[in-house]
Each structure stands twice: as C-alpha cells, then as structure tokens.
Amino acid sequence: MQVNLAVQPFQDVDADALVVPLFQDEKPANSPLAKVDAALNGALSRAVDFREITGKRYQTAILYTDIRIKAPLVVVVGVGKKEEYSPEYARHVASSAIRHFQGRPASRVAYYVRSDRPAPAEVRTAVEGAIYGTYDPNEYKTQERETVQVGELILVGEGVSNSPELQQAVTVGRITAEATNFARQLVNEPANKLTPSDMVERARATAQEYGLEIEVLDRIRMTELGMGGLLGVAQGSDKPPYFIILRYRPAQPGNATLALVGKGITFDSGGISIKPAENMEQMKTDMTGSASCLAAIRALAQLKPSVSVVAALAMTENMPSGHAMRPGDVLTTMSGKTIEVVNTDAEGRLILSDALAYVQQKEGATHVVDVATLTGACVVALGHTATGVMGAPQDWVDFVVNTGRECGEKMWQLPLYEEYEEQISSKIADVKNGGGRPAGTITAALFLKKFVQESTHWAHLDIAGTAWAETGTRYRPEGPTGIPVHTLIDVAMRMT
Ligand code: BES
Ligand code: MN
Ligand code: ZN
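Fair warning: this is a prediction, and the values are worked out from it, not measured in the lab. Throughout this description, residue numbers start from 1 for each chain and increase along the sequence as written. Following the order in which they are written, the chains are lettered starting with A and the ligands numbered starting with 1. Owing to the predicted nature of the model, reporting of local features is limited to residues with pLDDT of at least 70; listing and counting of side-chain atom pairs is limited to 80 or more, with chain, interface and lining totals taken over all residues. With hydrogens and water excluded, all non-hydrogen atoms of the structure serve as input to the side-chain values.

(A) Inspection of the site of ligand 1 at higher detail. Among the 15 residues in the neighbourhood of ligand 1, the closest are listed as Lys-275, Asp-286, Asp-345, Glu-347 and Gly-376. Polar contact is defined as a pair of N or O atoms within 3.5 Å, subject to the rule that within protein one atom must be able to donate a hydrogen and the other to accept it, and that residues adjacent in sequence are counted only when both atoms are side-chain atoms. One of the side-chain N or O atoms of Lys-263 is found 3.2 Å from an oxygen atom in ligand 1. Taking Leu-374, its main chain carries an N or O atom lying 3.4 Å from a nitrogen atom of ligand 1. Protein contacts shield 77% of the accessible area of ligand 1, which totals 520 Å² for the unbound molecule. For this classification, the nonpolar set comprises Ala, Val, Leu, Ile, Met, Phe, Trp, Tyr, Cys and Pro, the charged set comprises Asp, Glu, Lys and Arg, and every other residue, Gly included, is treated as polar. In terms of residue class, the shell around ligand 1 is made up of four nonpolar, four polar and seven charged. Note on terminology: near, applied to a residue and a molecule or strand, indicates that one of the residue's heavy atoms is within 4 Å of it. To measure how exposed things are, a 1.4 Å probe is used in the Shrake-Rupley method; for residues, cover is taken only from the protein chains shown.

Structural data, given as structure tokens:
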C-alpha cells in the first residue's frame, strides 16, 4: 500500500472515501471535527443525534457526501473513550476502517488525522493499523476471496504537512507494518510450502532486495562447528536443515551487536515423542520465531539504526523416522555442553542452544533477543494475550518489555529462580531437555540460560501463545499475529 501525506484541505482530496475517527459521545459541531461536519452540512451531527454512530470503539457508519466534498463516502469510525485512547487502539481503529473495504472496490482512501492528537504519533499508528488491516490469510483459497483492494492511503487534516518529521512517521509506520505482514505470510504457509530450504530462498531474496549480508550453513558446515543440538533434531527429517545468518551493519558500527535468534521448526510433529493428532496441524507455526527475526532485520535494513544487527535462523523439521533421535540420546552442542534428550518434543531448546552459542562465539553478539514458540506451558500461564519474557540483566529485560508495551505487543516476565534448576539436572549429561510439567516455561528458559554467557544481555521471548490468534481482534484477525516483529524493530531502533 502506498502512503501519502496530503497538504490540501480534506474537501479537495481525490479519494473513494474519507475515514473520520469519532470519540465516544463527542458532539461533532463543537469538536475538532466541526469543519468536517460543516462541510457535510451537519450530516455527521445528525448521524450522532440519531445514534447511527455513538463513537463506541470500532463502530462504523457510512455517510454519503452527495459530493459536498470530493470523496463520495465518509466512513465514520468509533474510537471509544478519549481517556482510554492509546497507540494500540489507534492501530485497531485504522485497521477496522481499512477492513471495512474488504470485498469493496475502493482503491484510494483518505484518513482524517485529528488536530487534537499529536500528529507524528497519530500518523505512524494510523499507517501501521491500516497496513495491518490489509493482511489476507486466504492466499490458498481460489474462490470467495474478499481482499482489501486499497492501494493508496492519504493522510489529511489540519495537522498534516510535508514536514520531515511526518514523512519519517509515515516511512517508519509503513516499513514496520509491512514487515509484520511479511512475517504473518511466512507463518501462515503450510509446512509443505515452506521447508527449511524454502526459508533459505526467502531469506536470500530478502537479503538481495534490502542489501543485507547473508550466510547459510548447511549440514556439513554445522557438523564442522559441532552443532549437535540442531543436527540432533534434524536427523529425523528427510529435508536438510539450514542455519541462516543475516547481517546488518550501520555506517559507523559501535561496540554493541544485537542478535535476533529465531526458532525455525517448519513442522513440529514431536519426533519420536510424537504429539497427539488433535491440533497437530497448528505446528506449522513453529517457525514463527525465525520468521519474526527475518522480518525485523528486513525492516531494519531499510530503517538503518546505528546498532549492528545479526539475525540467526535455526531451520529444521522435527520428524519421527528410523534415523530420528531417541529419548535418552545424548547430544554434544557447539558450546561443548552435553544434553540428555528426555523428550524429543522439547526440540526448540535443542536448536536454540547452538544458535545462542553461534551468535556469541562467531558474531560477537553483546545483546540477544531470542524468539520461540517454545512451550505449551506458556499458553497455560499467559494465554494468547501476553508473550512470556525471561532473561538477564534486569535492565535489558525491562527495556524489551517496555518497548513491547509501546508497540502494542504485551509481555510479562517470569522469574528464573535457581530453585527451578534442579528440574533440568541430568544424571548422565550437563543438562536434560525436559523439566516436567511444573513451571515448564521457566525450566525451558533456564535451559537456554546455560548457553548464554554472564556478560551477554539476553532476553528470551516465549511466543507459543501469542504467535497465532485463535479469536481475531481488529488489527489481528484470526491467524498469525506477526508478534513480536514490531518490538524487535523498535528495540534495535532505540539502541544507540
Ligand atoms: N512447539 C512446541 C510448543 C508449543 C505448544 C507451541 C503449543 C505452540 C503451541 C514445543 O516444541 C513443545 O513441544 N514443547 C513441549 C515441551 C515439553 C515436551 C517439555 C511442550 O510444551 O509440551
Ligand atoms: Mn516440540
Ligand atoms: Zn516446537
């Protein structure tokens, strides 16, 4: 979707529709919408008086303008209570507005930026929400597809100008939301359409298009490096595993390198510790971590933060077969540490152990965010609302959580008390990959912690519950959410 700032009166914008956000119980005639109301001969006020629209959140009402302004249609969208307004709701509102055009032929839509909102923030969130709203999960439907056909969003209103600040808000919003939709597309792909080697192709295309360095390690190279965790999981599958590294370098690199480490299981059957059949199809989403990291670095290649960023994607399937790893097997990892595999379905932590070792040893990562659909226990603890966060030191964890909040991606920290550690102590190896049912999200993170150096700033995001929306909300319809792409981008942008 193209996004443009219109430095002309809203009456003159050549668009199929003008979207007007209305607060709950607002009286248009004496509010920042007075000019819109007047231009429509009071039609907005009448719609409010007749309670066709009350401004309740996400309510929409259509006004035909009778060409009193150039756009033939006004879509009034309810924003809810003024006191409750937040960037998150601003995105939802813009998304509902755009989704109104699903299956309708509107191609140019103007968006009225209210003068009582700070323009840069309002512009960025409107752009993000609108682009989120264009995401279409029905790529494989050949019939009955109702897509949003809006190709251009035009921001208009008294506060809108061509200032560099607003241009930047448009650019950042557009790039962030496009990256999020890109991740959603990847996550939505079934495991037969997105294998580890397909992911290599997507990563190469991304690197080529946006000017990122890329290196792809195959099984031979991984064997040389001793990546026994990743190779152990991969040995059950007929599809070759890949370890993909993408690098963004700023013009003047500083001392810090941020590594984004993604779990990339293109299908998680559980392996020999096979999962029950029910809902197993959802395990095509077990590569969401890797998709998020790829999407984030794609955005960063365009936004050019001043920090060096590396994305490391550990890609394989987890399948049962005659050559699959068995419960009881011991794996030797790149770090030198050994792991007793007590459950082949706890495969995420096995591949991440090598990915974490790699970014610290080979890429000089000082700061790490790893992203993984790691534990069913996290869905039990936090549901589909908040991502589980664990890590150290505390100020780094706080920074990530606070950034997430501002990006509309809720996160909640769980403690890494040392008492939990005995659950993953092994009788025959350095650590075992399952800690039983109690505190399953925490013991998984404590497992990862064994592969993180003291000096590394590390945050682990367990997105098992938040990667996929079971019931949709306005800018996150049912399906892949794209969480936590926005947060990853903003974390890098805020590091200096
Ligand atoms: N990919 C799953 C976790 C998962 C579950 C993600 C539900 C999304 C929704 C992970 O590999 C897994 O199977 N974890 C096991 C770990 C256990 C065997 C220690 C789990 O959570 O049951
Ligand atoms: Mn598993
Ligand atoms: Zn998994």
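(B) Spotlight on the pairing of strand E9 (residues 257–268). Buried residues dominate E9, accounting for twelve of its twelve residues. One crossover worth recording links E9 to the parallel strand E10 (residues 308–318) by way of helix H9 (residues 288–303), and it is right-handed. Relative to strand E13 (residues 367–372), E9 runs parallel, the two sharing five bridges. Looking at the pairing, Val-261 lines up with Asp-370 of E13. A simple rule labels every residue: compare its accessible area, found with a 1.4 Å probe on the protein chains alone, to the largest value its type can have, and call it buried under 20%, exposed over 50%, or partly exposed in between. What counts as a helix is a DSSP run of H or I of at least four residues, what counts as a strand is a run of E of at least two, and both are numbered from the N terminus. Look down the strands so they point away from you; if the path from the first strand over the helix to the second goes clockwise, the crossover is right-handed. Pairs of strands are assigned from DSSP output, requiring at least two bridges between the strands.

(C) Looking closely at the sheet that holds strand E6 (residues 152–156). Pairing is mixed in the open sheet, where six strands are placed in the order E1-E6-E5-E2-E4-E3. The open sheet terminates on both sides in strands that have one partner only, identified here as strand E1 (2–5) and strand E3 (60–64). Averaged over all pairs of adjacent strands, the angle between strand axes in this sheet comes to 25°, irrespective of strand direction. Here E3 runs beside strand E4 (residues 73–80); their pairing, made up of five bridges, is antiparallel. Bridge assignment links Tyr-64 to a residue of E4, and that residue is Leu-73. We call two residues in contact whenever any of their non-hydrogen atoms come within 4.5 Å of each other. To define axes, lines are fitted to C-alpha atoms, for helices over the stretch in contact only, and angles between the resulting N-to-C directions are given on a 0 to 180 degree scale. Running over the sheet, helix H3 (residues 87–99) touches strand E2 (17–23), E4, strand E5 (108–112) and E6 and is turned about 150° from E4. The strands touched by helix H4 (residues 119–133) within the sheet are E1, E5 and E6, with E6 carrying the most contacts at an inclination of about 155°.

(D) Spatial organisation of the side chain of Arg-114. Its location among the elements puts Arg-114 in the loop between E5 and H4. Here Arg-114 falls in the buried class, since its relative accessible area comes to 2%. Among the polar contacts made by the side chain of Arg-114, one reaches the main-chain carbonyl oxygen of Pro-21 at a distance of 2.9 Å.

(E) Expanded view of the nonpolar core. By size, the foremost hydrophobic cluster in this structure holds 55 residues, and its most contacted members are Ile-244, Leu-246, Leu-313, Val-369 and Leu-461. No other element matches the ten residues that H9 contributes to this core. If near-sequence neighbours (up to four positions away) are discounted, Leu-461 is found in contact with Val-369, Asp-370, Val-371, Ala-372, Thr-387, Gly-388, Val-389, Val-400, Met-411, Pro-484 and Leu-488. For our purposes a nonpolar core is just a set of buried Ala, Val, Leu, Ile, Met, Phe, Trp, Tyr and Cys residues, chained together by side-chain atoms within 4.5 Å. Core analysis: the second largest hydrophobic core is formed by 46 residues, Leu-352, Tyr-358, Ile-424 and Ile-442 among them.

(F) Structural context of the packing of helix H10 (residues 348–362) against helix H13 (residues 440–449). At a minimum axis separation of 9 Å, H10 and H13 run at an interaxial angle of 30°. Classified by the angle between their axes, H10 and H13 sit roughly parallel to one another. As for the relative orientation of H10 and H13, their crossing is right-handed in sense. For the pair H10 and H13, contact is made by Arg-349, Leu-350, Leu-352, Ser-353 and Leu-356 and by Ala-444, Phe-447 and Leu-448, respectively. Across the contact of H10 with H13, the residue classes tally to six nonpolar, one polar and one charged. Relative orientations are named as follows: roughly parallel for angles under 35 degrees, roughly antiparallel for angles over 145 degrees, roughly perpendicular for angles from 65 to 115 degrees, and oblique for any other angle. Note on convention: near helix rotated counterclockwise from far helix by under a right angle means a left-handed crossing. Clockwise means right-handed.

(G) Quick peek at the pairing of strand E17 (residues 457–462). The buried count for E17 comes to five of six residues, which makes it a mostly enclosed element. Of the strand pairs in this sheet, E13 and E17 are connected by six bridges, and their pairing is parallel. Each bridged residue has a counterpart across the sheet, and for His-367 the counterpart in E17 is His-457. Bridge analysis of strand E14 (residues 387–392) against E17 gives five bridges, and the strand direction is antiparallel.

(H) Quick look at the coordination of the manganese ion (ligand 2). Think of the donor list as every N, O and S atom within 2.8 Å of the metal, or within 3.2 Å for Na, K and Ca; water never makes the list, so a site can look incomplete. Distances from the manganese ion (ligand 2) to its protein donors, namely Asp-268 (OD), Asp-345 (O), Asp-345 (OD) and Glu-347 (OE), fall within the range 2.0 to 2.2 Å. Square planar and octahedral sites, with four and six donors, are those where opposite donors lie more than 155 degrees apart and all other angles lie between 65 and 115, tetrahedral sites have four donors with every angle between 85 and 135 degrees, and the rest are irregular. Taken together, the six donor atoms coordinating the manganese ion (ligand 2) and their angles of 70 to 168° define a geometry best described as irregular. Between consecutive donors of the manganese ion (ligand 2), the numbers of intervening residues give the motif D-x76-D-x1-E.

(I) How the structure looks around the domain arrangement of the protein. Bear in mind that the domain bounds are from an automatic or database domain assignment. Splitting the protein by domain gives domain 1 (2–162) and domain 2 (181–494). Between the C-alpha centres of domain 1 and domain 2 there is a distance of 38 Å. On the side of domain 2, 19 residues touch domain 1, which itself brings 16 residues to the contact. Take the accessible area each of two parts loses on contact, using a 1.4 Å probe, and add the two losses: that sum is the buried area. Summing both partners gives a buried area of about 1700 Å² for domain 1 against domain 2, and 50% of it is carried by carbon and sulfur. By definition, a salt bridge exists where a carboxyl oxygen of Asp or Glu is found within 4 Å of a side-chain nitrogen of Lys or Arg. Counting across the domain 1 and domain 2 interface gives two salt bridges. Across the domain 1-domain 2 interface, the total number found is eight residue pairs in polar contact (both at pLDDT 80 or more). Where the side of domain 1 that touches domain 2 is concerned, the elements lending two or more residues are H3 and H4. Residue contributions to the side of domain 1 that touches domain 2 peak at six residues, all from H3. Split into classes, the residues belonging to the side of domain 1 that touches domain 2 amount to six nonpolar, four polar and six charged.

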